[in-house]
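The residues making up each chain are set out below.
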Amino acid sequence: MNGKTSNPKAWLFVLPVVALVAFNALIPLMTVVNYSVQETFGDNVFFWEGVKWFEQVLHSDRFHASLGRQMTFTAIILAIEVPLGIAIALAMPRRGVWVSVCLVLMALPLLIPWNVVGAMWNIFALPDIGLLGRMINGLGIDYNFTQQPIAAWFTTILMDVWHWTSLVVLLCYAGLRSIPDAYYQAAKIDGASGWAVFRHIQLPKMKRVLTIAILLRFMDSFMIYTEPFVLTGGGPGNTTTFLSIDLVKIALGQFDLGPAAAMSLIYFLIVLLLCWVFYTLMMRGEQQ
Amino acid sequence: MARISLQDLRHSYLPSPRTEADWALKHMSVDWSDGGAYALLGPSGCGKTTLLNIISGLLTPTEGRVLFGDEDVTDMPPDRRNIAQVFQFPVVYDTMTVYDNLIFPLRNRGVSGADADRKVREIAAMLELDDMLPKRAAGLTADGKQKISLGRGLVRSDVNVIMFDEPLTVIDPHLKWVLRSKLKELHQRVGSTMIYVTHDQTEALTFADQVVVMHEGTVVQIGTPVDLFERPRHTFVGHFIGSPGMNVLPCTVDGGQAVFAGQAVQTADAPTDTNGAKTLEIGVRPEFVSFASDGIPVQVTKVSDAGRYRIVDVQHDAATLKLLVPEGEDIPSGSAHIRLDPAHTRVYADGWMLNGGAAA
């Protein structure tokens, strides 16, 4: 508090936000915590169970399997969407009428409701009537995403790349646009190659927006539910059952509220931990 | 190193310029001699940066040729012209150390090893950056970063010309002076041509041997600071350089003499041929106007103290003049008479000095 005045009245201004956050985040979270340590058979009768559900979830093969699928999925889409997004942002025109055209085209997938995206791709990829499905089969490749795990993964990843690469593109493009012309001119005069310009000017200047893009894409993909649920329903078998889908199956399908609550909390902590790791890694060196 | 010639240059940012106003740079031919210290002076938007970017190759002129020595470089990109440029805002490669920043242009040109290292250390010493070499460039202050920008030009031995585009804009006032004298010193040590763009007359006059004054896309005068002060070829130069600027008074010419306030005014050159000019004016700097017992009758309207001298505003009909009165001298109040020093009073026709001042 050095040199700063403290004014207790300030709390009054913060109060509405605190109340709002309490209602939409803290209270629901506490109910989840409440469920996670108790057993219920309905009628609002609860029995204390301690950490039993947590132990059960942590030792469950089913949880390990969906966590593994989730990690793989997120790693793959980050590995595709981030470099692809940067490449598209670099290729976009810097001025002229095409800028707005490109921006609108890029924004389009982001404006489509998630379940619509799932439904679109479901029909698009159907092997008998879908444009994509028919085309792939027409090329002589046996493709049926409702039956083949690899085809299901391929379709889900393609759908996510189509849906979300734009976000990376738009953020990177904004970062690129903020670089003054003088940097490019100086690099030209210094005789820098295209790669050197990317490595020493564009990438460092994009770092902040790229951090945001990666964090957003990580969190969203790690919590993905709607699109694969509509597209594959988690199948064939459990091959595209990611964490959220599994969680919903346990909570609403089997109505196992205790294990589902414990799993939610573990899920939440994993997301929080990984976000922190990403953020720390990418912001390292910023303070130097 | 070489002489730089701009031949019949014109530039427009529009695809098909129609009127004279469409040209950002109007027709000009300018020679810059090898090793000179030039300043390109003019108000914002007069075309100085355009001219600079044409010399550096960042812009290709609409018309005309750019020659370095005998070689036509008009269509060459900046990296092949062997020029260096320091921009308004410091450009450093944030992720690199100061050392890597300085050696970067050399590495890009395939120079490395002991030679490059020696050169970098020599330039760093010259710029007083030696202690900073292992530090990250991003952590430096604005003046440090601007020194790096300059250093990246100085390390190259092949540089024809170093150009500065208002390089002191973001530097703290007390460091501006330090950096400016550093530049002057560097020019003497490295001997390459330097062109310094600025809208600040103090910067231009202290740095340059030759000042190129630009106004609305035209070079109005090229000369030494003394030339610009004593013999402004255009009323704009008179206005822009000097503080306060030159007095410009409407006049008529009658019988080979300038007439102001019903009196014949003695001028440095007799205005023999006015070429049917639309406007005729007398130009005289406040330094060369003094109170006298007879001469042009005026009313004293304002006196402002500027330290060693006072600036006095006087009025004759609608025309106002400023004159400088040294400390300690009496200033008449109310009605008075003034005298213009004939050796420094000139007649301007349509803005240009008559007799020898027709074109730049």
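Here the structure is a predicted model, which means the values were calculated and not measured.

## Considerations on the overall build of chain A
In terms of regular secondary structure, chain A is built from 12 helices and two strands. In terms of overall dimensions, chain A has a C-alpha envelope of 75 × 75 × 30 Å along the principal axes. The 288 residues of chain A split such that 30% are buried.

## Some words on the overall build of chain B
Of regular secondary structure, chain B possesses nine helices and 22 strands. Dimensions of chain B, computed from the C-alpha atoms along their principal axes, are close to 75 × 50 × 30 Å. Residue burial in chain B is summarised as follows: out of 360 residues, 40% are buried. Contacts in chain B between residues far apart in sequence, at least 24 positions, make up 66% of those at least 6 positions apart.

## A look at the interface of chain A and chain B
Every contact between the two is made by 14 residues of chain A and, on the other side, 21 residues of chain B. Residue assignment for the side of chain A that touches chain B shows that the elements contributing at least two residues are helix H8 (181-189) and helix H9 (194-222) of chain A. Ranked by residue count, the leading element in the side of chain A that touches chain B is H8(A), at six residues. Of the residues contributing to the side of chain A that touches chain B, the split by class is eight nonpolar, four polar and two charged.

## Side note on the sheet that holds strand E4 (residues 63-68) of chain B
The sheet built from four strands is open, its strands ordered E2-E1-E4-E5 (chain B) with antiparallel pairing. At either margin of the open sheet sits one strand with a lone partner, and together these are strand E2 (25-32) and strand E5 (71-72) of chain B.

## A word on H8(A)
Along an α-helix, a turn takes 3.6 residues, which lines up residues three or four apart on a common side. Buried within H8(A) are the following residues: A:Tyr183, A:Ala186, A:Ala187 and A:Ile189. Burial along H8(A) is one-sided: seen end-on, the buried residues are contained in an arc of 160°. The elements touched by buried residues of H8(A) are H9 of chain A together with helix H1 (48-56), helix H2 (78-81) and strand E6 (83-86) of chain B. A:Gly191 lies just past H8(A) and shows a positive phi near 75°.

## Concerning the sheet that holds strand E18 (residues 309-316) of chain B
The pairing of strands in a sheet comes from backbone hydrogen bonds and takes either a parallel or an antiparallel form. Residue and element names in this part refer to chain B. As summarised here, the arrangement of the five strands in space is E16-E20-E17-E18-E19, forming an open sheet in which the pairing is antiparallel. The sheet is open, and its two edges are formed by strand E16 (289-292) and strand E19 (319-326), each paired on a single side. Neighbour-to-neighbour, the strand axes of this sheet turn through a mean angle of 50°, independent of strand direction. Relative to E18, strand E17 (residues 296-305) runs antiparallel, the two being bridged by six bridges. Of the residues in E18, the one forming a bridge with Lys302 is Asp313.

## Observations concerning the domain arrangement of chain B
Domains assigned within chain B are domain 1 (4-13 + 23-227) and domain 2 (243-353). Here domain 1 of chain B and domain 2 of chain B have C-alpha centroids that lie 39 Å from each other.

## Let's talk about the environment of B:Asp209
All names here are of chain B. Tracing the sequence through the fold places Asp209 in the loop between helix H7 (201-207) and strand E9 (210-215). Residues Asp209 and Tyr38 lie 171 residues apart in sequence; the distance between their C-alpha atoms is 6.1 Å. Contacts of Asp209, omitting those with residues within four sequence positions, involve Gly36, Ala37 and Thr224.

Rules used in this analysis
Residues numbered from 1 in each chain as written. Chains lettered and ligands numbered in written order. Predicted model: local features only at pLDDT ≥ 70, side-chain atom pairs only at ≥ 80, totals over all residues. Helix = DSSP H or I, 4+ residues; strand = E, 2+ residues; numbered from the N terminus. Buried ≥ 20, exposed ≤ 12 C-beta atoms within 10 Å, placed from the backbone. Contact = placed C-beta atoms within 7 Å. Nonpolar A, V, L, I, M, F, W, Y, C, P; charged D, E, K, R; others polar. Pairing = 2+ DSSP bridges. Arc of directions from axis to C-beta. Axes fitted to C-alpha atoms, helices over the stretch in contact; angles between N-to-C directions. Domains from an automatic or database assignment.

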